[in-house]
Number of protein chains: 2
Amino acid sequence: MSEVYAARRTRLREYCNAGGSAAALVSRPANVRYLAGAAPLGAVLLLGRTEDLLVCPGSSADRPTQERPDEALRVQTLPGADGGDPAVAAARLAAGQGADSLAVEEHHLTVARHRALGSVAPRLRLANLGGAVEQLRVVKDEEEISCLRIGAEIADQALGELLESILVGRTERHLALELERRLVDHGADGPAFPTSVGTGPNAGRPGHRPTDRRVEEGDFLSVCLGATYRGYRCEIGRTFVIGTAPADWQIELYDLVFAAQRAGRESLVPGAACRDVDRAARQVLDSAGYTEGLTVLTGHGVGLEIDEDPQLSPAAMGKLDACVPVTVEPGVHLPGRGGVRIDDTLVVRPEADGGPELLTITTKELLAL
Amino acid sequence: MSEVYAARRTRLREYCNAGGSAAALVSRPANVRYLAGAAPLGAVLLLGRTEDLLVCPGSSADRPTQERPDEALRVQTLPGADGGDPAVAAARLAAGQGADSLAVEEHHLTVARHRALGSVAPRLRLANLGGAVEQLRVVKDEEEISCLRIGAEIADQALGELLESILVGRTERHLALELERRLVDHGADGPAFPTSVGTGPNAGRPGHRPTDRRVEEGDFLSVCLGATYRGYRCEIGRTFVIGTAPADWQIELYDLVFAAQRAGRESLVPGAACRDVDRAARQVLDSAGYTEGLTVLTGHGVGLEIDEDPQLSPAAMGKLDACVPVTVEPGVHLPGRGGVRIDDTLVVRPEADGGPELLTITTKELLAL
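Residues numbered from 1 in each chain as written. Chains lettered and ligands numbered in written order. Predicted model: local features only at pLDDT ≥ 70, side-chain atom pairs only at ≥ 80, totals over all residues. Heavy atoms only, no water.

1. Description of unusual backbone geometry
Both trends apply: most residues other than glycine have a negative phi, and most peptide bonds are in trans. Residue and element names in this part refer to chain A. Between Asp 309 and the following residue, Pro 310, the backbone shows a cis peptide bond with an omega angle of -5°. As for its position among the elements, Pro 310 is in strand S14 (residues 308–312). For Cys 323, which is not a glycine, the phi torsion comes out positive at approximately 70°. Tracing the sequence through the fold places Cys 323 in the loop between S14 and strand S15 (325–328). (Helix = DSSP H or I, 4+ residues; strand = E, 2+ residues; numbered from the N terminus.)

2. Concerning the sheet that holds strand S12 (residues 236–241) of chain A
Residue and element names in this part refer to chain A. Here 3 strands make up an open sheet; going across it, the order is S8-S9-S12 and the pairing antiparallel. Since the sheet does not close on itself, it has two edges, and those belong to strand S8 (196–199) and S12, each with one partner. For this sheet the average axis-to-axis angle between neighbouring strands, irrespective of direction, equals 10°. In terms of strand pairing, strand S9 (residues 220–225) meets S12 through 6 bridges, oriented antiparallel. Each residue of the ladder has a partner; that of Ser 222, found in S12, is Thr 239. Each of S9 and S12 is contacted by helix H6 (residues 142–163), which is oriented at about 15° to S12, the strand it contacts most. Strands in contact with helix H7 (residues 172–185) are S8 and S9; relative to S8, the strand with the most contacts, it is inclined by about 145°. (Pairing = 2+ DSSP bridges. Axes fitted to C-alpha atoms, helices over the stretch in contact; angles between N-to-C directions. Contact = heavy atoms within 4.5 Å.)

3. Concerning the sheet that holds strand S12 (residues 236–241) of chain B
Residues and elements named next belong to chain B. Across the sheet, which stays open at both edges, the 3 strands sit in the order S8-S9-S12 with antiparallel pairing between neighbours. The outermost strands of the open sheet, each flanked by one partner alone, are strand S8 (196–199) and S12. Strand-to-strand twist of the sheet, defined as the mean angle between neighbouring strand axes without regard to direction, takes the value 10°. Here helix H6 (residues 142–163) sits on the sheet in contact with strand S9 (220–225) and S12, set at roughly 15° to S12.

4. Thoughts on the pattern of salt bridges
The tally for this structure, following the rule as stated, stands at 56 salt bridges over all chains. Ionic pairing is found between Glu 308 of chain A and Lys 140 of chain A, a salt bridge with its closest N-O pair at 2.8 Å. On the criterion of sequence distance, the pair formed by Glu 308 of chain A in strand S14 and Lys 140 of chain A in the loop between helix H5 (132–138) and H6 is long-range, its members being 168 residues apart. Here the two residues Glu 308 of chain A and Lys 140 of chain A agree in accessibility, since each one is buried. One salt bridge in this structure joins Glu 357 of chain B and Arg 349 of chain B, with 2.9 Å as the shortest N-O distance. The class for Arg 349 of chain B is buried, based on a relative accessible area of 11%. Via salt bridges that share partners, Arg 28, Glu 134, Arg 137, Lys 140, Glu 305 and Glu 308 of chain A belong to a single interconnected network. (Salt bridge = Lys/Arg side-chain N within 4 Å of Asp/Glu carboxyl O. Buried < 20%, exposed > 50% of the residue type's maximum accessible area, 1.4 Å probe, protein only.)

5. Quick look at H6 of chain B
In this model H6 of chain B runs 31 Å from its N-terminal to its C-terminal C-alpha over 22 residues, within 8% of the 32 Å that 1.5 Å per residue would give. Its side-chain oxygen placed 3.0 Å from the backbone nitrogen of Glu 143 of chain B, Asp 141 of chain B serves as the N-cap of H6 of chain B. (Expected span 1.5 Å × (residues − 1). Polar contact = N/O pair within 3.5 Å; in protein donor to acceptor, adjacent residues only side chain to side chain.)

6. Let's talk about the environment of Asn 202 of chain A
By secondary structure assignment, the location of Asn 202 of chain A is in the loop between S8 and S9. The spacing of Asn 202 of chain A and Gly 338 of chain A is 136 residues in sequence and 5.4 Å in space, taken between C-alpha atoms.

7. Here we look at the side chain of Thr 239 of chain A
Residue and element names in this part refer to chain A. Following the sequence through the fold, Thr 239 ends up in strand S12. Residue class for Thr 239 comes out buried when judged on its relative accessible area of 0%. Only 2.8 Å separates the side chain of Thr 239 from the backbone oxygen of Arg 341, close enough to count as a polar contact. Discounting chain neighbours no more than four positions away, the residues touching Thr 239 are Phe 220, Leu 221, Ser 222, Tyr 254, Gly 339, Val 340, Arg 341 and Leu 366.

8. Description of the layout of surface pockets
Residue and element names in this part refer to chain A. If you add up the space inside the second largest pocket, you get close to 560 Å³. Taken together, 23 residues line the second largest pocket, and the ones lying closest to its centre are Tyr 5, Arg 33, Gly 37, Glu 67 and Arg 230. Broken down by secondary-structure element, the contributors of at least two residues to the lining of the second largest pocket are helix H1 (2–18), helix H2 (29–36) and H6. Residues of the lining of the second largest pocket, tallied by class, amount to 7 nonpolar, 4 polar and 12 charged. In terms of domain composition, the lining of the second largest pocket takes at least three residues from each of domain 1 (2–137) and domain 2 (139–358). (1 Å grid on protein atoms, 1.4 Å probe; cavity = no way out; pocket = protein on both sides within 12 Å on 5 of 7 lines; lining within 4 Å. Points joined across faces, edges and corners; volume = space filled by probe spheres on them. Nonpolar A, V, L, I, M, F, W, Y, C, P; charged D, E, K, R; others polar. Domains from an automatic or database assignment.)

9. Topic: the domain arrangement of chain A
Residues and elements named next belong to chain A. One can read the domain layout of chain A as domain 1 (2–137) and domain 2 (139–358). Domain 1 and domain 2 are separated by 35 Å when their C-alpha centres are compared. Across the boundary between the two partners, domain 1 contributes 9 residues, which contact 11 residues of domain 2. Summed over both sides, the interface between domain 1 and domain 2 buries roughly 800 Å², with carbon and sulfur atoms accounting for 33% of that surface. (Buried area = accessible area lost by both parts, 1.4 Å probe.)

Written out as structure tokens, the structure is:
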């Protein structure tokens, strides 16, 4: 694995050098992990002029991470309790290596930390690294996709087991906790995000936080969960009906959201504009009259964070590349009645390779449980 | 409750006006919640020259919070999906109200957001609010303490039930998940922080993340958990031995940490220097030869965040006030063998009121389970 991290750092270094900075300071945790193999709490990565360094706070010795940093990388742990801010120490080291310019993540560093960097190394020009590491992270290698694939399998298993149990009378909170327990049972590091379970009028509400409402006959039940596996986060969402037979309005709404989600999935090809993928899903709902209350996004990238670039939204810029994992997750929520959301994680693949790779394979038939 | 939030905002406004700023922008979520009663994802609070406003991102309509903002406060939700950054909108509003200076939280705002504020309202002088809201939050009112007390009761219940179950053969991860399920069962919003369960050589490691190691006869078992109740977070940590009788070294180590923790607890009086509380606990461990590998803090404040001011550490400045809730949590970890950590949440109270109020009342006897 060490070569992978070294290659990522080389790409970033080339980017920085092209922008006129001899050194870069990476502070956003997911970015540190991407380049260093691990991100101890509070650690920063210095891509230095002469050497790269993972600078860790003194307190990190108390809190070891499960992951180990790239062995090719020197790790410096600041001494003692009050060794100070690793970003400040890194700026001092960068200056000591003779760098005259340091690119920092202005979208992550606070104003107060940025000022502290400036005052400890006044001759160092602070430039902006921007979202350069986030952009490197968009296209995944097969190792990363394999972590996502295993995470999706785990989420499918947890969801499948829940469907075999008795649901009526149980609360949203309990179902969510049971799903999270099952994720860990099957080998997840933990949930990728707080598990959402919505019943009846809560079903289909995006980001719904589970309440004490109990599952009743005739309810829609919507579930959204994901596993973190070796740091990589995936997502699956399904909607079911409780009881023997769904009502007509439930079948109609389900079929509509299913058609929207399929349209989104089928438009996932390398080179497609992100806004066109969004439009493919959104216009199915629009043309059925559901223009109000739609969510901002119909999908987003996933990886070391659950919400990464690209964004699938009407205002999104840019195009999809092969090997970019995204969610496709349109939904409709009718206030007071509930709704439907269907959410998959897929990897964009060229048609010659069989088209988009579906990672979350739980059925999307409307199951009556 | 509305008067409580209004009174908090008045105190902050007085602080700002004294510093020469007519308006303040609060962006750190726990601070927004403290002053506004709720903190929808991404929302910021403007203390304006003529009116206060809670400015919410367009996407917050998708994700309602369980808490409702103070009714006396006007809420403005930015239109549509791409309504932009609420902080930028708030700066524009502040300028529109005729403010010439806006105090912002430089320890929370990123450099990129700060710059966006400056460019949207170039005549507005951006000042630094610093940790003013965090300082207001240190001393709690009885309503806040009552939330912490209920949270502590919930954590005590969850822990008590776990102790009655069979532990040998179960993994750290499972025990941690079961504790979190029980917290929610008993009415917590959720865990206050990721529950830590350490067995054998992992016992007593601060911030240990649960692994697949199973509980064995003769192990130390250390558990650290907490409940969030109405946003307030408490903490309890206990260490047990598994089997019929603890070994001599286990009894000795336990007695030592217990003595250190008691010394810390007993020094919690209004007016005590934070570093003296730390020293009281730390010197018990020091004098027994455990100088290496001690944690940075022997305790910290709790409230809307699990790690607040004051810090109980050798370098801490400042003194304790009455009605400040803190943890006291010294521990010793022997690499390869395990260790002991004992952690309580208490409220500093004057001696006339009975001295420090212990919120987490689970026994601190060395139980053999």
